[in-house]
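Coordinates in review
Single-letter residue listing:
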Amino acid sequence: MQGFRTDELSLNSKMCAFIKKLEFWLKKVQRNSVSVFPTLDKFTDDSEIDNLNTICDCIREHLTKLRDELVSYFPSIMNQDITQDWIQNLFVEDVTSSSGLSDKLTENLIELASDRALELKFQNVTVSQFWLEVKGEYKELSEIAMSALLPFGSTYLCEVSFSAMSLIKTKHRNRLSVQNDLIIAVSNIEPRFDNILAKKQPQVSH
């Protein structure tokens, strides 16, 4: 859930997958099986524990509470909006079946999804980068895709920024304006040093 280049769509899929895993673990534990927990499974085999039923009851209670808490925080997590699937899974057999787009945009989507060169590009770049690169030819589709990909999926970048600021702006530098330093600290864009140096006047010898 943490890290750079995360988006709401991918994080939603990860949360949905985790909740489904919880439900799978619950089914296993309800049958008094802890095979989904390898360390515990090995320990119970080696130690010949007699009260496995009691342990499974505790695990089941914990997993049930965890699942219910997650569902309460994300009530619509299990009802994913399939009308946006084309943004991340563009080159599938029937990409238009549930796109929810207008007829004109659906035709553009069919054209885009049939382009073999773009399919190869889609496999080698991030989803966001792909939609930015096709904006010139498929502007409306690109804008719809980016409107779904741009919103922050988590508070990770904010947390990283606060951590960086606490290191840069210490009590000995409390009047320092950290805006430019903070951008450099948290950005993953590599500076173009050649362009920066080209704009500077080197000091010549006298």
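Residues numbered from 1 in each chain as written. Predicted model: local features only at pLDDT ≥ 70, side-chain atom pairs only at ≥ 80, totals over all residues. Heavy atoms only, no water.

1. Observations regarding the environment of R67
Our working rule: Labels follow the DSSP assignment, with helices taken as runs of H or I lasting at least four residues and strands as runs of E lasting at least two, numbered in each case from the N terminus. Residue exposure (1.4 Å probe, protein chains only): buried if accessible area is under 20% of the type maximum, exposed if over 50%, otherwise partly exposed. By definition in these notes, contact holds between two residues if any of their heavy atoms fall within 4.5 Å.
Relative to the helices and strands, R67 is located in helix α3 (residues 52-73). Residue class for R67 comes out partly exposed when judged on its relative accessible area of 23%. For the pair R67 and F18, spaced 49 residues apart in sequence, the C-alpha separation works out to 9.1 Å. Beyond its immediate stretch of four places on either side in the chain, R67 contacts I19, L22, E23 and L26.

2. A word on a nonpolar patch on the surface
Short version of the rule: Only residues above 30% relative accessible area that lack a salt bridge enter a patch, with like-charged residues linked at up to 9 Å and the nonpolar side chains Val, Leu, Ile, Met, Phe, Trp and Tyr linked at up to 5 Å. All accessibility values rest on the Shrake-Rupley procedure with a 1.4 Å probe; residue burial counts only the protein chains present in the view. Salt bridges are defined as contacts in which a side-chain nitrogen from Lys or Arg sits within 4 Å of a carboxyl oxygen from Asp or Glu.
A surface patch of nonpolar side chains, amounting to about 320 Å² of accessible area, comprises F193, I196 and L197. Relative to the helices and strands, F193 resides in helix α11 (residues 193-198).

3. Looking at the packing of helix α9 (residues 156-168) against helix α10 (residues 179-186)
Spelled out, the test is: Structural elements are reduced to axes, namely lines fitted to C-alpha atoms, with helices fitted over the stretch in contact, and the angle between N-to-C directions of any two is expressed from 0 to 180 degrees. Angles below 35 degrees are treated as roughly parallel, those above 145 as roughly antiparallel, those between 65 and 115 as roughly perpendicular, and all remaining angles as oblique. Should the near helix be turned counterclockwise from the far one by less than a right angle, the crossing is left-handed, whereas a clockwise turn marks it as right-handed. Residues are sorted three ways: Asp, Glu, Lys and Arg are charged, Ala, Val, Leu, Ile, Met, Phe, Trp, Tyr, Cys and Pro are nonpolar, and all the rest, Gly among them, are polar.
The N-to-C vectors of α9 and α10 enclose an angle of 125°; their axes lie 10 Å apart at closest approach. The angle between α9 and α10 places the two elements in the oblique class. Handedness of the crossing formed by α9 with α10: right-handed. Across the interface between the two elements, V160, S161, A164, M165 and I168 from α9 touch D181, L182, A185 and V186 from α10. Taken together, the residues of the contact of α9 with α10 sort by class into seven nonpolar, one polar and one charged.

4. Examining the nonpolar core
Put simply, the test is: Here, nonpolar core means buried Ala, Val, Leu, Ile, Met, Phe, Trp, Tyr and Cys residues that are tied together by side-chain atoms lying within 4.5 Å of each other.
One finds W86, I87, L90, L112, F130, W131 and L141 to be the most contacted residues of the largest nonpolar core, which totals 21 residues. When contributions to this core are tallied by element, the ones reaching two or more residues are α4 (85-88), α5 (103-113), α6 (116-124), α7 (127-133) and α8 (139-149). Here this core takes five residues from α8, the largest share from any one element. Listed in part, the ten residues of the second largest apolar core include L26, V29, I59 and L63.

5. Comments concerning the packing of α5 against α8
When two helices pack together, their arrangement is given by the angle between the helix axes and the distance between those axes. Axis separation between α5 and α8 bottoms out at 9 Å; the angle between their running directions is 90°. By the criterion of interaxial angle, the relationship of α5 to α8 is roughly perpendicular. Note on element contacts: α8 touches α5 through E140, L141 and I144, opposite L105, N108, L109 and L112. Within the contact of α5 with α8, the residues separate by chemical class into five nonpolar, one polar and one charged.

6. Some details on the state of the cysteines
Quick reminder of the rule: By definition, disulfides here are pairs of cysteine sulfur atoms that lie within 2.5 Å.
Going through the model one piece at a time under the given rule, you end up with zero disulfides. Free of any disulfide, C56 has its nearest neighbouring cysteine sulfur in C58, separated by 9.3 Å.

7. With respect to the pattern of salt bridges
One pass over the full model with this rule turns up six salt bridges. Across the pair R67 and D68 runs a salt bridge, and its minimum N-O distance is 3.4 Å.

8. What about unusual backbone geometry?
At N32, a position not held by glycine, the phi torsion is positive, near 60°. Using a relative accessible area of 33% as the deciding quantity, one classes N32 as partly exposed.

9. Things to note about the confidence of the model for the chain
Stated formally: The predictor attaches a confidence to each residue, called pLDDT, with possible values from 0 through 100.
When the pLDDT values of the chain are averaged, the result is 81; 89% of them are 70 or greater. Confidence scores differ between elements of the chain, with α10 showing the lowest mean pLDDT of 76 and α3 the highest of 89.

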